[in-house]
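# Analysis of the macromolecular model
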Amino acid sequence: MVARLMTDLDAGLHFRHGLIVLTNTRLLHFEDAGSSQPSFLAWKLAGLQEFNLEEMGATIALHLIGNGTLLGQWRVTSGCLRQAEAFLARFREQHRSLSGEDTGAAARDHEVEEDEEEIFAAEDAEGYIPPGKPLLRLLSFARPWYRLLFLGLTLTMASTGAQMIAPWLTMSLVDDVLIPLQSQTERVHVHLVYVFITELALAALLTWALNWGKTFVVARIAEHVTSRMRRETFEHLQRLSLTYFNRKRTGDLISRIGSDTEHLSLFISVNFIDFFCDVLQFIFTAVILFSINPLLAVAALGPVPIVAWLVQRVRDHLRGGFAAASRAGSQLTSVLADTIPGVRVVKAFAQEKREIERFRVADKHIFDTNDRVNKTWSFFTPMIKLLTDLGLLIVWAVGAWSVAHDTITVGVLTGFVLYISSFYERMDSMSRFTASMQRAAASAHRVFDVLDVKPDVPAQRNAIKVGRLSGEIEFRDVKFRYGSREIIRGISLKIAPGEMVGFVGPSGAGKTTLVNLACRFFEVSEGAVLVDGFNLSDVDVMDYRKNLGLVLQEPYLFYGTIAENIAYGKPEATRAEIVAAARAARAHDFIMRLPDAYDSMVGERGQQLSGGERQRISIARALLVDPAILILDEATSSVDTETEREIQAALDHLVKGRTTIAIAHRLGTLRKASRLVVIEEGLIKEIGSHDELLKSSGTYARLHEAMLEVNHA
Amino acid sequence: MSTPQPSCIEFAKDDLGRLVLVDQDGVRHVNVHPAKLFPLTEKDHWISIQSEGAREILCIEDPQSLPEPSRTLLLDALAMRDFVPIIQVIHRIVRLADGHVWHVTTDRGNTSFEVETDESIQALGHGRLVIVDRRNTRYLIPNVASLDRVSKRKLEHYY
């Protein structure tokens, strides 16, 4: 078997499982795969001509053609698109190698698809994740600190053991000192009291010291593990392509690295270790009790499982309520997050009343859910107390009976009660463990989810280091699909070194996608992008991007000084270079008007700058790296005409002698462009200079006219 | 706007005590004032000379390379404009309803100032902190690590 594809629809679009299998020489189709009597059809590869894929809305059709007729037709839901594409690629490759047309290129494709298949295999395996699996994987993160881990375990055992000393001493204290003292039937060594008190004090000190050490060591391990997770996740995130970031919400990614790892740290250092201690305590207690008196031990420990089960039941009941309460809380937050930033809109439309009402409803919801939880919860804590009291009652009853029959002493009974009541105290915290484990598993899963994503712009092993480029860009039959949508549908264009080309067209035409392909933020689905004759997919990405300068519609400034922001792409730049770049970008004058000049803090928490000022800083940033290829993506769209003129002057400086691709809605930005490329629906509609395009009165002429109308209106 | 050879330019003081610049083309600019490009990170280099109307006339990379008496005149003019007290000891930080009052000893004596938010405390790297008070005066802590223990404790609550 070379490859297989599960199909999930039949020809009539009903859900039904089928399987297409590709072997070295044949293609087979099984119907009702999984049932006891699958039927199948088979074709020899040599007799086949084509295997096509056609997207039909939410489903995908596969057509198998041989000898000029349609041999088979299958449908899959669009969720299987990537699998289907991978399968078809394998089919074509196999078909080609059969007909002896195999080329070197196929070998490379092969590797890529192999990776993809692994991804699919991993995806299939997902679905339900048992909590143990991600938590076990946490252990692998702790490997470098195994010595510390060992120390932590030893300390935990020792401290739990130390807790057992006090009740043990109490037994002798009661039997050898207190009872004789009271009955006064024999001579009592009073100094024994001092000995016992000292021993008890020492036991308490030992427990304290061991607990201290244990807590600190365990907390440190937890911190090491989560710090490593945070670091690795962030590093991994930086390696992922833009397509991944487009799919994910920023807030979600931030919370995965920020709070999910925090949950895990808490789980390891508190919940898990508490549970571990409780289990140890249970075992130790059981061993001690049985060694003293098996009958009483059975009576004392017998109710434990029943009590534990009851506690677990009540807690399960509560958990749903707590989840509902936290959901209600987040609903309230989202009302706030909606209304407060949007307060201008609220006031402008005089909708304060409605927002108040919305808030009132959310607030009422919180009250109701919390009230419900409180009802159960206020019942729950006394309930546990009752259950443990009942358990103790049994010990007292059996103990009293045994003392009466002289099978045990009063001291032993006291010891038993102390052991078992300290154990029952932990019952509540033990019952919380399942919930915290599930929460931690969910957090671990969310973090590993990020770590397991493979970069879809794969790193090449023998990537070409391009060095300094002259800046020739060629799009060769480029196609790009995003999910099931074909965004670029076959574009060929050659841009000479130093040429400025403008991309115009309606929103959603694919201009930005094309630019992202040129930056290799996305990988082409078909065709190739070549720079200076190198295929971009063979080129070392980091090395290539050193040649790129990017000026975007929304310039992004990091939290830091203006000088640091200008030098972002070249941290080693001298102050002279920074100032020169700022001058060329026409930013120097306004920077000098800021209170700390080049040392002014900007970014989210820093000095407020206008859109035009931010844009000029980002132009200075691009100028400083002296890029061979310059991308201007709507660089002047978000500013007024006056500022646009300032930016334009800065840009004129920037584009000189560089290959420039400029996307603009304001056609004025493109007046220096030697060619304008009109893009519509993923295809090139027209190419030519401003005047040529106006004369041909096509799409560009229409756009131009529309813009003039808007400006004059 | 340029960075000319320092030897070609000259500073003088006129009878009204204003700073006068004669630039490399021999043009006389009266009542100019110097401004630092990097007032916090490189305060002894990169001086912009601005005209009365706050337009930059020229830029001097290293004032030390100016011949006397121009150098002294420029450095004096800078010193007159430069007011970034350096915090040496933090005595108390008192929380107010909307900010904090800092009581400190600086290289210019004891003082207290009001700081609005935590965002007014900015890290510039290498342990360097700038605190901007309500009146936009800047206070500098050149190296947090070299503060005394008590001051560091006090600072820890806010930064």
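Described below are features of the structure shown in this document. A quick note: this is a predicted structure, and the numbers were derived from the prediction, not measured. (Residues numbered from 1 in each chain as written. Chains lettered and ligands numbered in written order. Predicted model: local features only at pLDDT ≥ 70, side-chain atom pairs only at ≥ 80, totals over all residues.)

Taken together, the contact pairs 15 residues of chain A with 16 residues of chain B. Sorting the residues of the side of chain A that touches chain B by element identifies α19 (575–584) and α20 (588–593) of chain A as the ones contributing at least two each. Its residues assigned to classes, the side of chain A that touches chain B comprises 7 nonpolar, 2 polar and 6 charged. (Contact = placed C-beta atoms within 7 Å. Helix = DSSP H or I, 4+ residues; strand = E, 2+ residues; numbered from the N terminus. Nonpolar A, V, L, I, M, F, W, Y, C, P; charged D, E, K, R; others polar.)

What follows concerns the sheet that holds strand β8 (residues 99–106) of chain B. All names here are of chain B. One open sheet holds the 3 strands; their spatial order is β7-β8-β9, and the pairing between them is antiparallel. With one partner strand each, in any of the chains shown, β7 (87–96) and β9 (109–115) form the two edges of the open sheet. Adjacent strand axes in the sheet meet at a mean angle of 20°, parallel and antiparallel pairs treated alike. Where β7 lies against β8, 8 bridges are found, and the strand directions are antiparallel. From the neighbouring strand, V89 faces β8, where its bridge partner is T105. (Pairing = 2+ DSSP bridges. Axes fitted to C-alpha atoms, helices over the stretch in contact; angles between N-to-C directions.)

Residue placement: A12(B) occurs in strand β1 (residues 10–13). Along the sequence, A12(B) and R28(B) sit 16 residues apart, while their C-alpha atoms lie 10.0 Å from each other.

Right, let's talk about the environment of P144(A) for a bit. Relative to the elements of secondary structure, P144(A) occurs in the loop between α3 (132–141) and α4 (146–163). Considered as a pair, P144(A) and V225(A) are 81 residues apart in the sequence and their alpha carbons are 9.3 Å apart.

Quick look at unusual backbone geometry now. A cis geometry characterises the amide bond from E68(B) onward to P69(B), with omega recorded as 0°. By the secondary structure assignment, P69(B) is in the loop between β6 (56–60) and α1 (70–81). Unlike most non-glycine residues, E681(A) shows phi in positive territory, near 50°.

This next bit is on the packing of α19(A) against helix α21 (residues 611–624) of chain A. Residue and element names in this part refer to chain A. Their axes nearest at 8 Å, the elements α19 and α21 cross at an angle of 125°. The angle between α19 and α21 falls in the class oblique. When you trace α19 past α21, the crossing you get is right-handed. Taken together, the residues of α21 that come into contact with α19 (itself represented by E577, I578, A581, A582 and A584) are A620, L623 and L624. When its residues are assigned to classes, the contact of α19 with α21 shows 7 nonpolar, no polar and 1 charged. (Parallel < 35°, antiparallel > 145°, perpendicular 65-115°, else oblique. Left-handed = near helix turned anticlockwise from the far one by under 90°.)

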